[in-house]
Amino acid sequence: MNIVVIGVGYVGLVTGLGLAKLNHTIQFLDTDFQKIDKLKNKISPFYEPEIENYLNDNEIVSRSSFESEYNEINWDDADIVMICVQTPSLEDNQIDTSYLVNVFESITDFVDEKTVVCIKSTIHPEAINSTIDSSKFSYDQIVFNPEFLREGSAFQDFFNPDRIVIGATKETNAKKIALLYEEIDSEIILTDPLSSQLIKYLSNAYLPLRLSFVNEASQIIKKLGGNLNETLNGIGLDTRIGKQYFRPSPGWGGSCFPKDVAELNSIASSQDLNTPLISNIIESNTQHQIWFAEYLIDQKRNNDLKNIYLIGLAFKEDTDDTRCSPTIFVHEILRSNNENVFIFDLNNESFGEYDLHSEFKEDSLIVEMFPLNQKSTTEIQDKLNQINKFKYLRYWE
Ligand SMILES: NC(=O)c1ccc[n+]([C@@H]2O[C@H](COP(=O)([O-])OP(=O)(O)OC[C@H]3O[C@@H](n4cnc5c(N)ncnc54)[C@H](O)[C@@H]3O)[C@@H](O)[C@H]2O)c1
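Computed from a prediction, not measured in an experiment: that's the story for all the values here.

Helix and strand content of the chain: 15 helices and 14 strands. Overall, the C-alpha framework of the chain stretches about 70 × 50 × 40 Å when taken along its three principal axes. Counting every atom, the chain has about 19000 Å² of accessible surface; 46% of that belongs to carbon and sulfur. If you average the places of the 34 positive and of the 61 negative side-chain charges in the chain, the two averages end up 6 Å apart.

Rendered as structure tokens:
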């Protein structure tokens, strides 16, 4: 099929390249011409494992084109328009649908009623109505296909999803989207638009809830002097609980969990619901990061050290996405406590107001913020060999 993918961020670019690998023809469109220029030169605008292989695969390249203007797209050929723009939270935790609304306005004159408009962006149920009502499109023309890929393993997740969720009011359009994935071995859930997005939002609330549970559990285990790994292993071996997604960390972050949980809370309160568990997921994460910063200060003091290095600016391993990164938050807390704290990152020299370091000083507590890959571990080990007094901390061990 011929697909126009709008937005070449983490979701749009990976999904489009994955679909091109499955023999579909993709016209990528993004108003950020710098990203498009890079892609025309086979350079990814962000880091994601395997992405270079896709951008340099001749067959995929022959089925892909990259444009930054709506009028450069060959709309007549398009069977599906797939919208993958960002849907961030506003300050009051309401969803910012302005990017999506802009896209609807831009495609109005180009897309006729035969083309299926597929929304991959996360947009919560209440916002769906107002967004669609303000466009010329009808509910029947729109299909929701929320995305569940994880940065860092995005291609793996694209080709091996746990499920594919499709929400639509018109069955033929839902089936057209399902056809895109016919070569992928996964259960397809065909449902209504509202339920499709509730699956997305409630999954994105449960996952950080689980991470926050394990983080609070880790505080209890550490405080009482228990063995962290053995205790968590003993809990996770219960098949009702399971060991996946059960690693303690300095905190969770990223572009999705914080905003999706905040929006879910805002929906629940707009419906006068009392949901104390879901309402406190974000607060638990904030408190855990504050606790973690204090834990680091204790570790520094107890080991008679002077500096703290936080390794890794991104919000987790195998990505360069720094949105809501726990490293940034913990760094801020430590800095406000007048600690000598530095962010160490092998890939970046500076980021916004943060000076990034790629060497260590003596007398330092060195903190891995998420598990590093083998290459980074070796490089860091070489740098550690050059200093005498330090303590290396991996919280989850
Ligand atoms: N990043 C993830 O891991 C992930 C996972 C699942 C779902 N999602 C959801 O998918 C959506 C996209 O997320 P992302 O991380 O890929 O976002 P992103 O910010 O990385 O990319 C969005 C892209 O859309 C482009 N864009 C914005 N307005 C445009 C317009 N009017 N026309 C053309 N292009 C436009 C931007 O320039 C940008 O390149 C969000 O709703 C997010 O919640 C993200």
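Below, the discussion takes up the packing of aromatic side chains. The tally for this structure, following the rule as stated, stands at 18 aromatic pairs. Ring centres of phenylalanine 104 and phenylalanine 137 lie 5.5 Å apart, and the angle between their planes is 45°; on these two criteria the pair is classed as tilted. Residue phenylalanine 104 is located in helix H5 (residues 98-107), and its partner phenylalanine 137 is located in the loop between helix H6 (125-133) and strand E6 (142-144); the two are separated by 33 residues in the primary sequence. For the pair phenylalanine 104 and phenylalanine 137, a shared accessibility class is recorded, and that class is buried. The side chain of arginine 247 reaches across the aromatic face of tryptophan 396, ending 5.5 Å from its centre.

Neither face of strand E5 (residues 116-119) is exposed, since Val116 and Cys118 on one face and Val117 and Ile119 on the opposite face are all buried. Taken together, the four bridges between strand E4 (residues 80-83) and E5 define a ladder with parallel strand orientation. For valine 81, the partnering residue across the bridge sits in E5 and is valine 117. Crossover E4 to E5 through H5 is right-handed. By the bridge criterion, three bridges tie E5 to E6 in an arrangement that is parallel. Across the sheet, isoleucine 119 pairs through a bridge with phenylalanine 144, a residue of E6.

Of all five residues in strand E1 (residues 2-6), four are buried; the element is thus mostly enclosed. In this sheet, strand E2 (residues 25-29) lies alongside E1 in parallel orientation, the contact comprising five bridges. Residue pairing for E2: asparagine 2 is matched across the bridge by threonine 25.

This part takes up the nonpolar core. With 39 residues, the main nonpolar core has Leu13, Leu17, Leu19, Met82, Ile177 and Tyr181 as its most contacted residues. Sorting elements by how many residues they give to this core places helix H1 (residues 10-21) first, with six residues. In this structure isoleucine 177 touches Ile80, Val116, Cys118, Val143, Asn145 and Ile166, once residues within four positions along its chain are discounted. Val4, Ile83, Trp252 and Ile267 belong to the second-largest nonpolar core, a separate cluster that totals 34 residues.

As a further point, take the domain arrangement of the chain. Split by domain assignment, the chain resolves into domain 1 (2-191) and domain 2 (227-394). The partner domain 2 presents 17 residues to the 18 residues of domain 1 that form the contact. In this assembly, domain 1 packs against domain 2 so that about 1300 Å² is buried in total across both faces, 44% of it on carbon and sulfur atoms. Contact with domain 2 buries area across many residues of domain 1, yet Tyr47, Glu126 and Glu151 alone supply 36% of it, more than any other trio. Across the domain 1-domain 2 interface, the total number found is zero salt bridges. In this assembly, domain 1 and domain 2 are joined by six residue pairs in polar contact (both at pLDDT 80 or more). Taken together, the residues of the side of domain 1 that touches domain 2 break down into seven nonpolar, seven polar and four charged.

In this section: the packing of helix H9 (residues 193-224) against helix H11 (residues 257-270). Where H9 contacts H11, the two axes come as close as 9 Å, and the packing angle between them is 115°. Regarding the angle of H9 to H11, the classification is roughly perpendicular. Taken as a pair, H9 and H11 cross one another with a handedness that is left-handed. Across the interface between the two elements, Lys200, Tyr201, Leu202, Asn204, Ala205, Leu207, Pro208 and Leu211 of H9 pack against Phe257, Asp260, Val261, Glu263 and Leu264 of H11. Class assignment for the residues of the contact of H9 with H11 results in nine nonpolar, one polar and three charged.

Our next topic: the pattern of salt bridges. Taken as a whole and assessed by the stated rule, the structure comprises 19 salt bridges. The partner of glutamate 59 in a salt bridge is arginine 63, with the nearest N and O atoms 3.9 Å apart. What makes arginine 63 buried here is its relative accessible area of 17%. We note a salt bridge from aspartate 157 to arginine 150, for which the minimum N-O separation is 2.7 Å. Connected through shared salt-bridge partners, Asp304, Lys306, Asp363 and Lys389 make up one network.

Rules behind the numbers
Residues numbered from 1 in each chain as written. Predicted model: local features only at pLDDT ≥ 70, side-chain atom pairs only at ≥ 80, totals over all residues. Heavy atoms only, no water. Helix = DSSP H or I, 4+ residues; strand = E, 2+ residues; numbered from the N terminus. Areas by Shrake-Rupley, 256 points an atom, 1.4 Å probe, with all protein chains shown as cover. Lys, Arg positive; Asp, Glu negative; His and termini not counted. Charge placed at Lys NZ, Arg CZ, Asp CG, Glu CD. Phe/Tyr/Trp six-rings, centres within 6.5 Å; stacked < 30°, edge-to-face > 60°. Buried < 20%, exposed > 50% of the residue type's maximum accessible area, 1.4 Å probe, protein only. Lys NZ or Arg CZ within 6 Å of the ring centre and 35° of its normal. Pairing = 2+ DSSP bridges. Right-handed = clockwise from strand over helix to strand, strands pointing away. Core = buried A, V, L, I, M, F, W, Y, C linked by side-chain atoms within 4.5 Å. Contact = heavy atoms within 4.5 Å. Domains from an automatic or database assignment. Buried area = accessible area lost by both parts, 1.4 Å probe. Salt bridge = Lys/Arg side-chain N within 4 Å of Asp/Glu carboxyl O. Polar contact = N/O pair within 3.5 Å; in protein donor to acceptor, adjacent residues only side chain to side chain. Nonpolar A, V, L, I, M, F, W, Y, C, P; charged D, E, K, R; others polar. Axes fitted to C-alpha atoms, helices over the stretch in contact; angles between N-to-C directions. Parallel < 35°, antiparallel > 145°, perpendicular 65-115°, else oblique. Left-handed = near helix turned anticlockwise from the far one by under 90°.

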